[in-house]
Amino acid sequence: MNKIVSLFCGIIFGIGLVVSEMINPAKVLGFLNLFDAWDPSLAFVMIGALIVSTPLFHLFKNKDKPLFNSNFSISTNKEIDKKLIIGSVFFGAGWGLAGLCPGPAISSIALLNVSSGIFVISMFIGFYIAYKTN
Amino acid sequence: MNIINFTPITALTGGLLIGLSVALFFILNGRMIGVSGMASNFLISKENRIENLFFLVGLILGPSIYTFFLGQEIQITISNSLFLLIGGGALVGFGTRLSSGCTSGHGISGISRFSLRSIIATITFMIVGILTVLITNIL
């Protein structure tokens, strides 16, 4: 059942990226282009997501267990450390260069676009280098 | 600052779907979605590997299902500079693995939990993203 839920949630998430146009790097770069010609749309993607996920998370977090699993598994890391800041700086720079973050990058594989394919391969190499060096 | 191409309704609708996906995954499977974590752990860790794979496959099926039912082609505009694609991809992969989260993991799941760590990460990558675009515009 967990696998079906995963697939289903992936599909809903992927459709959300298409409907909101977050899958389009030009749209993302328009959002990051705050000081020139700014497209505020992506702020609404975040607002839309948070108004659903925040109340539902807090409504269910104190239940005994999730519906199809033996226990909840949530990050307990509270440390504000160098890794968090440096990693976020690197991520922000890459996001601003290409206009893709991990979700839209993977979803855009569906479009068989060579550029996003190159981005995704490079991203996985980046994951691996970070894993090996830390 | 001029405001252009503003599409609040579709942005909000897409956001609601993403939020629904995050909430359902938590209520049913007990984990918070973070795409960089699920993708990099799929590569690196045996834990939840199949579950992570199914989510990633779903992410790829999403656009195809959208096109199939709505008959609408998905148009994207992306750079064809190898430098930007390879450099950007490597920075995104390295950075999100190092900080344990991306736009979804920190920006949505983490902020939903009111995690200070995620709020700081989100503010940081937003500011750096904006500065990066500002600098590339000047160059």
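Heads up: the structure comes first, above all this text.
This write-up is about the structure you can find in this document.

Rules behind the numbers
Residues numbered from 1 in each chain as written. Chains lettered and ligands numbered in written order. Predicted model: local features only at pLDDT ≥ 70, side-chain atom pairs only at ≥ 80, totals over all residues. Heavy atoms only, no water. Helix = DSSP H or I, 4+ residues; strand = E, 2+ residues; numbered from the N terminus. Contact = heavy atoms within 4.5 Å. Areas by Shrake-Rupley, 256 points an atom, 1.4 Å probe, with all protein chains shown as cover. Lys, Arg positive; Asp, Glu negative; His and termini not counted. Charge placed at Lys NZ, Arg CZ, Asp CG, Glu CD. Core = buried A, V, L, I, M, F, W, Y, C linked by side-chain atoms within 4.5 Å. Buried < 20%, exposed > 50% of the residue type's maximum accessible area, 1.4 Å probe, protein only. Phe/Tyr/Trp six-rings, centres within 6.5 Å; stacked < 30°, edge-to-face > 60°. Expected span 1.5 Å × (residues − 1). Disulfide = S-S within 2.5 Å.

Now for the overall build of chain A. Secondary structure summary: chain A contains 6 helices and 1 strand in total. Reading the secondary structure of chain A in the N-to-C direction produces α-α-β-α-α-α-α. On the principal axes, the C-alpha backbone points of chain A span a range of 50 × 35 × 30 Å. For chain A, the proportion of contacts with a sequence separation of at least 24, taken over those separated by at least 6, is 42%. For chain A, the computed accessible surface area is about 6000 Å², with 67% contributed by carbon and sulfur atoms. In chain A, 9 positive and 6 negative side-chain charges are present, and the distance between their average locations comes to 13 Å.

Core analysis: the largest hydrophobic core is formed by 61 residues, its most contacted members being F13 and W95 of chain A together with I33 and F55 of chain B. The biggest single contributor to this core is helix α1 (residues 2-19) of chain A, with 8 residues. Apart from residues lying up to four places away in sequence, F13 of chain A is in contact with I18, S21, V22, I33, V35, F55, L59 and S104 of chain B.

For any pair of aromatic rings, the description consists of the separation of the ring centres together with the inter-plane angle of the planes. In the structure shown here, the tally under the stated rule is 13 aromatic pairs over all chains. Each ring, one from F31 of chain A and one from W38 of chain A, has its centre 6.2 Å from the other, and the planes form 35°; the classification is tilted. Residue classification places F31 of chain A among the buried positions, given a relative accessible area of 9%. Owing to a relative accessible area of 17%, W38 of chain A belongs among the buried residues under this scheme. On the numbers, 6.0 Å between centres and 55° between planes, the contact of F25 of chain B with F55 of chain B is tilted. Placement of the pair is F25 of chain B in helix α1 (residues 8-29) and F55 of chain B in helix α3 (residues 49-70), with a sequence separation of 30 residues. Take F25 of chain B and F55 of chain B: they sit in the same class, and that class is buried.

Moving on to helix α6 (residues 116-138) of chain B. A rise of 1.5 Å per residue sets the reference length of α6 of chain B, with its 23 residues, at 33 Å; its end C-alpha atoms lie 33 Å apart and thus fit the reference within 8%. Here α6 of chain B has its buried residues at R117, S118, A121, T122, T124, F125, M126, V128, G129, I130, T132 and V133 of chain B. The secondary structure elements touched by the buried residues of α6 of chain B are α2 (25-32), α3 (41-60) and α4 (82-98) of chain A together with α5 (105-112) of chain B.

The next subject is the state of the cysteines. Any covalent bond linking the sulfur atoms of two cysteines counts as a disulfide. Counted according to the given criterion, the structure contains 0 disulfides over all chains. No disulfide involves C9 of chain A; its sulfur sits 16 Å from the nearest other cysteine sulfur, which is in C102 of chain B. Here C102 of chain B is not cross-linked by a disulfide; its sulfur's nearest cysteine counterpart is in C101 of chain A, at 6.2 Å. A relative accessible area of 1% places C102 of chain B in the buried class.

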